[in-house]
Amino acid sequence: MKLENFIKSINEDLEILIKEKDSEIKTLTENNYLLNEENQYLSEELSHYRSTKLGKLVQTYYKLLETSPLIKAFLKFLLFLFSFVLAPLRFITNNKVEIESINQNDYLSEEIIEIIRESPFKKVIFFIAPVVWDIPLYQRPQHIAYYLSKQKVLYFYLVKEECETAIKEVSPNCYEIRMKGLDFDYLTKIVKETKGREVFLHTYSTELKDINSLIDVFKRHKAKVIYEYIDEISEHIAGMKIPEHVVRTFERLVRDEDDTYFITSATRLFEDALYYRKKKLALITNGVEYEHFSQKFEKKDLPFEMLRIFSQNKPIIGYYGAIASWMDYELIKYLASKKPNYNFVIIGLDYDGSVSKSGLEQYSNIYVLPPVHYKKLPRYAYFFDICTIPFKINEITLSTSPIKLFEYMALKKPIVTTAMPECKKYKSVLIGETYEDFLKKIDKGLSLSKDAKYLSLLEKEAKENTWESKAQEIIKLIDS
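Computed from a predicted model, the values in this text were never measured in an experiment. (Residues numbered from 1 in each chain as written. Predicted model: local features only at pLDDT ≥ 70, side-chain atom pairs only at ≥ 80, totals over all residues. Heavy atoms only, no water.)

### A short note on the overall build of the chain
No. 1: A tally of regular secondary structure across the chain gives 19 helices and 14 strands.
No. 2: Considering the chain as a whole, with its 480 residues, one finds that 46% of them fall into the buried category.
No. 3: Split by element, the accessible area of the chain, about 25,400 Å² in all, is 56% carbon and sulfur. (Helix = DSSP H or I, 4+ residues; strand = E, 2+ residues; numbered from the N terminus. Buried < 20%, exposed > 50% of the residue type's maximum accessible area, 1.4 Å probe, protein only. Areas by Shrake-Rupley, 256 points an atom, 1.4 Å probe, with all protein chains shown as cover.)

This is the structure:
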């Protein structure tokens, strides 16, 4: 091998390794942010609990326990008496734990099979989930799962987790199955026991695990596949080299018009699929949990992080969501320099470290805030005057259906975006074709903020794009 070829090969290997490590760092950073958010949320819940009557009663009880030797001695005596009663129960419990740990798969299979047997529903969906259910940033996976379970569907949300096997009913007819190592072997036994039901394996184009053998198992038992093509299969989005089996799974399922229902989230992705199929194909964009984002707040509800920004009495031009290289930082800086009397607030996680390189910190009227829990997000965005999506127009954003677009509609805030195809579909969205035009659309949006006709349009388009309606479209597709 020539020296230059050898060096080139080494450089390519190093580049792949660097990308993988960057992806790991990004994931760790995100998890750290999410844990901090969860910690803050739990602290607030604990503080609220301590202020309740029950909380005060419990605190009084423990104070008495610490200060009164007589009460402490009496409780020890009661514990001694009950220990004789509890001993057999403890023996049974310990043995049960040992049995479960010996064969988690059998235990899990039996539990799921029992849930299926007791369910009156004919449709059963197993979803290979990319994230655990209870995270601060709810996205399409949780919303679709929740609302499908309200459409007479028994839904199992399967996740890999570094903990013991667990089954949790997150809502009626919707179960999160946490599996250590996510060994799919247990599903084989379950599929065999689903006779008389319509069974589906639900997966995303972003799934990086090789699930082709699992697809084979489901198909052998007459089950169908629901495949959602929700993003370009691109290493720029994944942050790493795309494994060959991901592309192989796409090519296999996009051609399978007999056993696969193919869902796309954007027109450009839909057009990709049309090259390969005509049947069992649908365009189902992202949506909104309308009631959550249409909440009203008062001045006293203003988050502390926004107090100094809000108190300046300047229009607040806002954005929340992922902050990454697809953000048009030059556009944001242009807007801030042209409108020093406006404040620009960006809420979210710096996924790829691009914020620190963007130069946003040089502008006194640009504020970058950390990510906010989904449950609290409407309380922050409510105090925006304009909601924006300042994305670059590139291969990624040409096929992006931003969830925040529909959430902005439910907030009933004027919306200004760059010329993304999925944003241009809606009459309520003001499109900035150039930097100058974007600036004009912000000013136009401010003038529309009290316009009853425009606000009604926002409400109408939000209600046309609820997550419930998206779940109904999926049911319509698999029933057609």
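There's plenty left to go through after this.
### Let's talk about helix α18 (residues 452-463)
No. 1: With 12 residues, α18 should cover 16 Å at 1.5 Å per step; its first-to-last C-alpha distance of 16 Å lies within 8% of that length.
No. 2: The N-cap residue of α18 is Asp-451: its side-chain oxygen and the backbone nitrogen of Lys-453 are 3.0 Å apart. (Expected span 1.5 Å × (residues − 1). Polar contact = N/O pair within 3.5 Å; in protein donor to acceptor, adjacent residues only side chain to side chain.)

### Notes on the packing of aromatic side chains
No. 1: Tallied over the full model, the rule gives 25 aromatic pairs.
No. 2: On the numbers, 5.0 Å between centres and 50° between planes, the contact of Tyr-229 with Phe-250 is tilted. Taken together, the residues span a long stretch of sequence, with Tyr-229 in strand β6 (residues 224-229) and Phe-250 in helix α9 (residues 244-254) at a distance of 21 residues.
No. 3: By relative accessible area, Phe-250 is classed as buried at 9%.
No. 4: A network of ring pairs unites the aromatic residues Phe-127, Trp-133, Tyr-138, Tyr-155, Tyr-157, Tyr-204, Phe-293 and Tyr-374 as a single cluster.
No. 5: Sitting above the plane of the Tyr-261 ring, Lys-280 keeps its charged end 5.2 Å from the centroid. (Phe/Tyr/Trp six-rings, centres within 6.5 Å; stacked < 30°, edge-to-face > 60°. Lys NZ or Arg CZ within 6 Å of the ring centre and 35° of its normal.)

### Notes on the environment of Thr-417
No. 1: Here Thr-417 lies in strand β13 (residues 415-418).
No. 2: Thr-417 sits 21 residues away from Phe-438 along the chain, and the two C-alpha atoms are 7.5 Å apart.
No. 3: When sequence neighbours within four positions are dropped, the list of residues in contact with Thr-417 reads Ile-389, Leu-405, Cys-423, Val-429, Leu-430, Ile-431, Gly-432 and Phe-438. (Contact = heavy atoms within 4.5 Å.)

### Observations regarding the packing of helix α5 (residues 140-148) against helix α19 (residues 467-479)
No. 1: Look at α5 against α19: their axes get within 8 Å of each other, and the N-to-C directions meet at 70°. Classified by the angle their axes make, α5 and α19 are roughly perpendicular. The crossing of α5 and α19 is right-handed. Here Arg-140, His-143, Ile-144, Tyr-147 and Leu-148 of α5 come into contact with α19, specifically with Trp-467, Glu-468, Lys-470, Ala-471, Ile-474 and Ile-475.
No. 2: In the contact of α5 with α19, the residues fall into seven nonpolar, one polar and three charged. (Axes fitted to C-alpha atoms, helices over the stretch in contact; angles between N-to-C directions. Parallel < 35°, antiparallel > 145°, perpendicular 65-115°, else oblique. Left-handed = near helix turned anticlockwise from the far one by under 90°. Nonpolar A, V, L, I, M, F, W, Y, C, P; charged D, E, K, R; others polar.)

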